[in-house]
Amino acid sequence: MSNIRKIAKAAGVSIATVSRYLNGTEHVSDEVKLKIQKVIEEVNYKPNALARAVFTKNSKTIGLMVPNISNPFFNQMSSVIEENANNNGYNILLCNTDDDIEKEKKYLDVLQSHRVAGIVVARSKCKEEYGNIDIPIISFENHISDEIITVSSDNYSGGKIAFEHLYESGCRRILHIKGPKCFEATEERYRGFLDAAKEKNLEIDFIEFETDFQVEMLKENIEKLKRINKYDGIFVFNDIAAATVMKFLKMNNTKIPKDIQIIGFDNSFICELLHPSLTTINQPIQELGKATIEILIKLINNEKIPIKDYLMEVKLINRGTTIL
Ligand code: XLF
């Protein structure tokens, strides 16, 4: 006998009533609900979420595509998104794209076949693929199209604040280690940093890392880092890359912040674990995660919401790697 049939029999109701109760599609009286729920608990029944999603076209699952799960910022961000989704009755299906177009495309197919109710995609790399998807989507950082809302930190202002802090801390030979060109957020940080330097008539140098954090990051960029000892201030595009640069400086007996001051971006948990602890620009992870889920749920519920960029305020977190 199928599970639903057993539950119906034990609760003394029809199979159709049990199915209405499980799918929440039509009214079921409170008295009947209680009877069915009691039997479900007794037999420890686990409804088939996918089958239910196909039937009701509402899976109560949100697909979350993150670009790099080994970056502490994205583990924190994923937890916040998960918590906010759970608080609103949704589960998360987590996909790690590794900033890889093919993986992102594959996961997009997987999420569609799982009938997810909505998708959060962070730092998307394949904008074209989202054109024909009939599922509410929200993008974090990289813009996908005029129809898809983007949430991000105010990265441009963050870049400006980073420069101003190094400048006020006395740095005049300044280097920016920027992120890959395809990361819109770090391009904005770079733009803000350059504009602030121009306002002070100061030339700055930059080098570029071609990926987000990977375990081999230091080895891969060692050639680029060879001449960084000539600078007195460095702004690195994110905290985990800043940690990598700090390791390199320490291996060369450079004193931080006495010889070189350093500032990161994110305010992820690793800042406090480093020595000295890392001065950085705070991305408001809680607000970002909350806003992302709130907007997505409005879209899922067909509520009207302005299609625009949602920018969150950033601020300096002054710690031990800068002098001021
Ligand atoms: O995409 C950017 C680059 O790295 C993101 O916000 C992060 O700062 C996370 O570490």
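Analysis parameters
- Residues numbered from 1 in each chain as written.
- Predicted model: local features only at pLDDT ≥ 70, side-chain atom pairs only at ≥ 80, totals over all residues.
- Heavy atoms only, no water.
- Buried < 20%, exposed > 50% of the residue type's maximum accessible area, 1.4 Å probe, protein only.
- Helix = DSSP H or I, 4+ residues; strand = E, 2+ residues; numbered from the N terminus.
- Pairing = 2+ DSSP bridges.
- Right-handed = clockwise from strand over helix to strand, strands pointing away.
- Arc of directions from axis to C-beta.
- Expected span 1.5 Å × (residues − 1).
- Polar contact = N/O pair within 3.5 Å; in protein donor to acceptor, adjacent residues only side chain to side chain.
- Core = buried A, V, L, I, M, F, W, Y, C linked by side-chain atoms within 4.5 Å.
- Contact = heavy atoms within 4.5 Å.
- Axes fitted to C-alpha atoms, helices over the stretch in contact; angles between N-to-C directions.
- Parallel < 35°, antiparallel > 145°, perpendicular 65-115°, else oblique.
- Left-handed = near helix turned anticlockwise from the far one by under 90°.
- Near = heavy atom within 4 Å.
- Areas by Shrake-Rupley, 256 points an atom, 1.4 Å probe, with all protein chains shown as cover.
- Nonpolar A, V, L, I, M, F, W, Y, C, P; charged D, E, K, R; others polar.
- Salt bridge = Lys/Arg side-chain N within 4 Å of Asp/Glu carboxyl O.

- The name an unreviewed UniProt entry assigns to the protein is LacI family DNA-binding transcriptional regulator, from the organism Tepidibacter hydrothermalis.

### Looking at the pairing of strand S8 (residues 233-236)
Point 1. Both faces of S8 are covered, namely the face carrying Gly233 and Phe235 and the face carrying Ile234 and Val236.
Point 2. Two elements, strand S6 (residues 174-178) and S8, share four bridges in a ladder whose sense is parallel. By the bridge assignment for S8, Ile177 is matched with Val236.
Point 3. Two elements, S8 and strand S9 (residues 261-263), share three bridges in a ladder whose sense is parallel. The partner of Ile234 across the bridge, within S9, is Ile262.
Point 4. Regarding the hand of the β-α-β motif, the stretch spanning S8, helix H10 (residues 239-251) and S9 is right-handed.

### Notes on helix H9 (residues 217-225)
Point 1. For H9, every residue scored as buried is listed here: Met217, Leu218, Asn221 and Leu225. All buried residues of H9 project into a common sector of 90° when viewed along the axis, lining one side. Exposed and facing more than 90 degrees away from the buried side of H9 are Lys219 and Glu223.

### Side note on helix H5 (residues 72-87)
Point 1. Under the 1.5 Å per step criterion, the end-to-end length of H5 is 23 Å for 16 residues, consistent within 8% with the ideal 22 Å.
Point 2. Burial in H5 covers these residues: Pro72, Phe73, Phe74, Met77, Ser78, Val80, Ile81, Asn84 and Ala85.
Point 3. Of the residues flanking the start of H5, the one acting as N-cap is Asn71, its side-chain oxygen 2.8 Å from the backbone nitrogen of Phe73.
Point 4. Remark: Gly89 follows H5 within two positions and exhibits a positive phi of approximately 85°.

### Some details on the pairing of strand S2 (residues 91-96)
Point 1. Pairing of strand S1 (residues 61-66) with S2 involves six bridges; the strand directions are parallel. By the bridge assignment, Thr61 is partnered in S2 with Asn91.

### What about the nonpolar core?
Soluble globular proteins: nonpolar side chains tend toward being buried together.
Point 1. Core analysis: the largest hydrophobic core is formed by 28 residues, its most contacted members being Ile62, Val120 and Val151.
Point 2. For this core, the secondary structure elements donating two or more residues are S1, H5, strand S3 (118-122), strand S4 (137-140), strand S5 (149-153), helix H12 (285-300) and strand S11 (309-312).
Point 3. With eight residues, H12 is the single largest residue contributor to this core.
Point 4. Beyond its immediate stretch of four places on either side in the chain, Val151 contacts Ile138, Ser139, Phe140, Glu141, Leu288, Thr292, Ile295, Tyr310 and Met312.
Point 5. Judged by nonpolar contacts, the second largest core, of 27 residues, contains Leu175, Ile207, Ala243 and Leu278.

### A few points about the side chain of Asp232
Point 1. Summarising the element assignment, Asp232 is placed in the loop between H9 and S8.
Point 2. When near neighbours in sequence (up to four residues on either side) are disregarded, Asp232 contacts Gly170, Cys171, Arg172, Arg173, Ile174, Asp259, Ile260 and Gln261.

### Here we look at the environment of Leu225
Point 1. Its place among the elements puts Leu225 in helix H9.
Point 2. Overall, Leu225 belongs to the buried group, its relative accessible area being 0%.
Point 3. Separated by 18 residues in sequence, Leu225 and Ile207 place their C-alpha atoms 8.5 Å apart.
Point 4. Non-local contacts of Leu225, meaning those with residues more than four positions away in its chain, are made with Ile177, Ile207, Phe209, Leu218, Val245 and Phe248.

### Points about the sheet that holds S8
Point 1. Taken in spatial order, the four strands line up as S7-S6-S8-S9 in an open sheet, and their pairing is parallel. Taken across any chain shown, the strands that pair with only one partner, and hence form the sheet edges, are strand S7 (205-208) and S9. If you compare each strand with its neighbour and ignore which way they point, the axes differ by 20° on average.
Point 2. Packed onto the sheet, helix H7 (residues 155-168) meets S6, S8 and S9 and runs at close to 165° relative to S8.
Point 3. Its contacts with the sheet place H10 against S6, S8 and S9, and it is angled at close to 160° to S9.

### Remarks on the packing of H5 against H12
Packed helix pairs are characterised by how far apart their axes lie and by the angle those axes make with each other.
Point 1. H12 packs onto H5 with a crossing angle of 45° between their chain directions and a minimal axis gap of 8 Å. Considering the angle they form, H5 stands oblique to H12. H5 and H12 meet at a crossing whose hand is right-handed. Listed contacts from H12 to Phe73, Gln76, Met77, Val80, Ile81, Asn84 and Ala85 of H5 are Ile285, Gln286, Leu288, Gly289, Lys290, Thr292 and Ile293.

### Describing the site of the ligand
Point 1. Close to the ligand lie Asn71, Phe73, Phe74, Arg123, Glu141, Thr186, Arg189, Asn238, Asp266 and Gln283.
Point 2. One nitrogen or oxygen atom from the side chain of Gln283 is found 2.9 Å from an oxygen atom belonging to the ligand.
Point 3. A total of 280 Å² of accessible area belongs to the ligand in isolation, and the protein chains cover 100% of it.
Point 4. Here the residues of the shell around the ligand are counted per class, giving two nonpolar, four polar and four charged.

### Considerations on the pattern of salt bridges
Point 1. Scanning the model with the defined rule gives 22 salt bridges in all.
Point 2. Put simply, Lys33 and Asp30 hold a salt bridge, and the shortest N to O gap is 3.9 Å. One end of the pair, Lys33, and the other, Asp30, are both in helix H3 (residues 30-43), three residues apart, so they sit about a helical turn from each other.
Point 3. The class for Lys33 is partly exposed, based on a relative accessible area of 34%.
Point 4. Here Glu184 and Lys127 are joined by a salt bridge, their closest N and O atoms 3.2 Å apart. Here Glu184, found in helix H8 (residues 184-199), pairs with Lys127, found in the loop between S3 and S4; they are 57 residues apart in sequence, far enough to count as distant.
Point 5. Note on Lys127: relative accessible area 34%, which makes it partly exposed.

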